[in-house]
Amino acid sequence: MLTKNQNKNQKKPLVTNFIRHLLPFGVRSQQGSTLPMAIGLGSAMMIVGTVAVMKGGQESTNTISSEQTKQAMAVAEAGVTNVQSFLAKNPSLAMLDLEDWQEIVKVDPNDPKKVEDKIVSAIPALAEKVEEMKNATNTSSSNGNQESYLCKAAQPSSTSSLDSSLGETFNAEKIIEGLQSVAGVKSNSKDTQWVSVGNNGSYKLLGYSRNASEDGAIAIIQGKVGNAVAQLAIDLQGSFNVEGGTINSESTPIMIDGSGDGAPALWITDNTDNDFGNNDFGGNVKITVSDCKKMVGEKPDENGNFEYQPYKNGPKSKGGTTVLTKEPMPPVPTPPSDAISLSAITGDMTLPRINVRVQGKTISDTKSSDGYYHYKVNVSQGNSINLKGNDTLSINDNVILHLDGNMLLSGNSKIKTDSSEKLQIYGSQNTTSVGINGGGESGNVFIHAPNANAGVNGGGSSYPNISGSIWVKSWGKGWSNSNSGVLVANSGKYADYLSGETRQKPKSSTPEPITTTYDNVGKVSNFTRQPVSSNK
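So, here's what we can say about the structure. Remember, predicted model here, so these are calculated numbers, not experimental data.

## Observations concerning the packing of aromatic side chains
Next, step 1: Inspection of every chain in the model, using the stated rule, returns six aromatic pairs.
Next, step 2: Ring centres of Phe-446 and Tyr-497 lie 3.9 Å apart, and the angle between their planes is 5 degrees; this geometry places the pair in the stacked category. Residue Phe-446 is located in strand S24 (residues 441-458), and its partner Tyr-497 is located in the loop between strand S26 (487-489) and strand S27 (508-511); the two are separated by 51 residues in the primary sequence. Neither residue differs from the other here; Phe-446 and Tyr-497 are each classed as buried.
Next, step 3: A centroid spacing of 5.9 Å and a plane angle of 55 degrees characterise the contact between Trp-471 and Tyr-494, whose relative ring orientation is tilted. Here Tyr-494 lies in the loop between S26 and S27 and Trp-471 lies in strand S25 (residues 466-475), a separation of 23 residues in the sequence.

## Focus: helix H10 (residues 172-181)
Next, step 1: Every buried residue of H10 is accounted for by Ala-172, Ile-175, Ile-176, Gly-178 and Leu-179. The buried residues of H10 all sit within an arc of 160 degrees when viewed along its axis, so they share a single face.
Next, step 2: The N-capping residue of H10, defined by a side-chain oxygen 3.1 Å from the backbone nitrogen of Glu-173, is Asn-171.

## Looking at helix H7 (residues 112-121)
Next, step 1: Listed in full, the buried residues belonging to H7 are Lys-113, Val-115, Glu-116, Ile-119 and Val-120. In an axial view of H7, the angular spread of the buried residues amounts to 160 degrees, which keeps them on one side of the axis.

## Focus on the pattern of salt bridges
Next, step 1: Applying the stated criterion across every chain yields a total of eight salt bridges.
Next, step 2: Among the salt bridges present, the one from Lys-114 reaches Asp-111, with a minimum N-O distance of 3.9 Å.
Next, step 3: Overall, Lys-114 belongs to the exposed group, its relative accessible area being 52%.
Next, step 4: A salt bridge links Asp-397 to Lys-367; the shortest N-O distance between them is 3.8 Å. Of this pair, Asp-397 sits in the loop between strand S18 (392-395) and strand S19 (399-403) while Lys-367 sits in the loop between strand S15 (361-363) and strand S16 (373-377), placing them 30 residues apart in sequence.
Next, step 5: Judged by relative accessible area, which is 40%, Lys-367 ranks as partly exposed.
Next, step 6: Counted as one network, the salt bridges with shared partners bring together Lys-286, Glu-327 and Arg-503.

## Some points on the pairing of strand S3 (residues 216-225)
Next, step 1: With respect to burial, S3 is a largely interior element, eight of its 10 residues being buried.
Next, step 2: In the sheet, strand S2 (residues 201-210) pairs with S3 via nine bridges, with the strands oriented antiparallel. Paired with Gly-207 across the strands is Ile-220, a residue of S3.
Next, step 3: Between the antiparallel neighbours S2 and S3 lie five residues, among them Glu-214 with a positive phi of about 60 degrees.

## Here we look at the sheet that holds strand S4 (residues 228-237)
Next, step 1: Read across the sheet, five strands follow the order S1-S2-S3-S4-S29 without closing on themselves; strand pairing throughout is antiparallel. Because the sheet does not close on itself, it has two edges, and the strands there are strand S1 (195-197) and strand S29 (524-530). Strand after strand, the sheet turns through a mean of 30 degrees between neighbouring axes, direction not considered.

Conventions used here
Residues numbered from 1 in each chain as written. Predicted model: local features only at pLDDT ≥ 70, side-chain atom pairs only at ≥ 80, totals over all residues. Heavy atoms only, no water. Phe/Tyr/Trp six-rings, centres within 6.5 Å; stacked < 30°, edge-to-face > 60°. Helix = DSSP H or I, 4+ residues; strand = E, 2+ residues; numbered from the N terminus. Buried < 20%, exposed > 50% of the residue type's maximum accessible area, 1.4 Å probe, protein only. Arc of directions from axis to C-beta. Polar contact = N/O pair within 3.5 Å; in protein donor to acceptor, adjacent residues only side chain to side chain. Salt bridge = Lys/Arg side-chain N within 4 Å of Asp/Glu carboxyl O. Pairing = 2+ DSSP bridges. Axes fitted to C-alpha atoms, helices over the stretch in contact; angles between N-to-C directions.

As structure tokens, this is what we get:
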């Protein structure tokens, strides 16, 4: 039979017995140990509960953070989609960098032309084509009754002319608004701003730059939800090809119907470093240039024509203007097969020779079928014509001289023509110098030597030194052109001269429309999750 105490011990709960056995032996053996055991039991239960609560809270926090990170990644992907859509509508922007976008948003959206120019200037291939087009359209063609192909003042090009190159829906206001609201570009900072997506998330474009091969771009986009941030690097495709803007070349020369126009007193084709000194010109001075746009620095007149003086001691045109043109200088005519061979003219001579005794023979020159006396003048010491002292070349009919060398008048030498006759002098490739020194003068003479540098130096009492026109490569190089102050005075029309009848349009005159084709703009070829960089 159990004693009373044995019966009590047998009925104690298992936990109580367990804790009791953990206590020191002396305590176990003492009566009235119930209170310490209760206190120990409560402390253990509190520790276990606290650990369980802490573990549950951490698991809940980790679950929320993981969910927000996923949401942030989804927001970043939504940002990619928004940017893709915007670039697809404005493919020209896809060809630029974020830095270019930041410059574009600084432009007044109410000035479409400036927005267009800013975009075009940032795309070298397109800017080059636009410049070609402007150069071509900056040359006007008349109806043939007046001077043709003058360089005109540059006129702003129409925005619509480039719509197809900048995007089908080019709209300056929408472009700038889109850069700000979709790409987060700021006009006053190089940083971008966060763009809201839905109620809780936002994305930020950290970078957009064309790749080295120019067949795509790399975009860096962050997404943010709460404190969670995710970052993506996106490889976006997008290439372009620019065509047109060039000028159609004429397959065959097209003549200008302007032979009845007054010929310029001076026509030159080398527009650098000419020196006109005190020389005056009684008529138009015409200068052929290859590129009107390169001749900058002077303002046009009220008709848009350039009165350009880009030279040392620019030409003084009395009774005319100095004009720039893209019209090429006509070629010199080829001597006919029956042209008369003539020794270099180095003294007094009268042409044509009619019943003239030369070396014991009587000579009477004959006209060619075109009604002119043609002479091929040979060279002596580099010159085909070298008159000095009081030498005089007298012309009594329609005479054309084809020179094989240079031409020089010095002293008081003269070229004398009847009032109704004109002398035409054409230089060859070997004719590189045409000049008048001292008191030399010529009558009604047309001189055309495309490879020659010409000049008048001195002048004496002659007025003018030349009554006619001079068409040469350049003027005054190597000549002092001092103390002349006398005129090269034009008195003829283009039709009066053989080369004036063969004026041609510029080889290139019609610009082609600019077309830009874009491929795969905004398409994603690859994306990578990146460590989050600074948000600034």
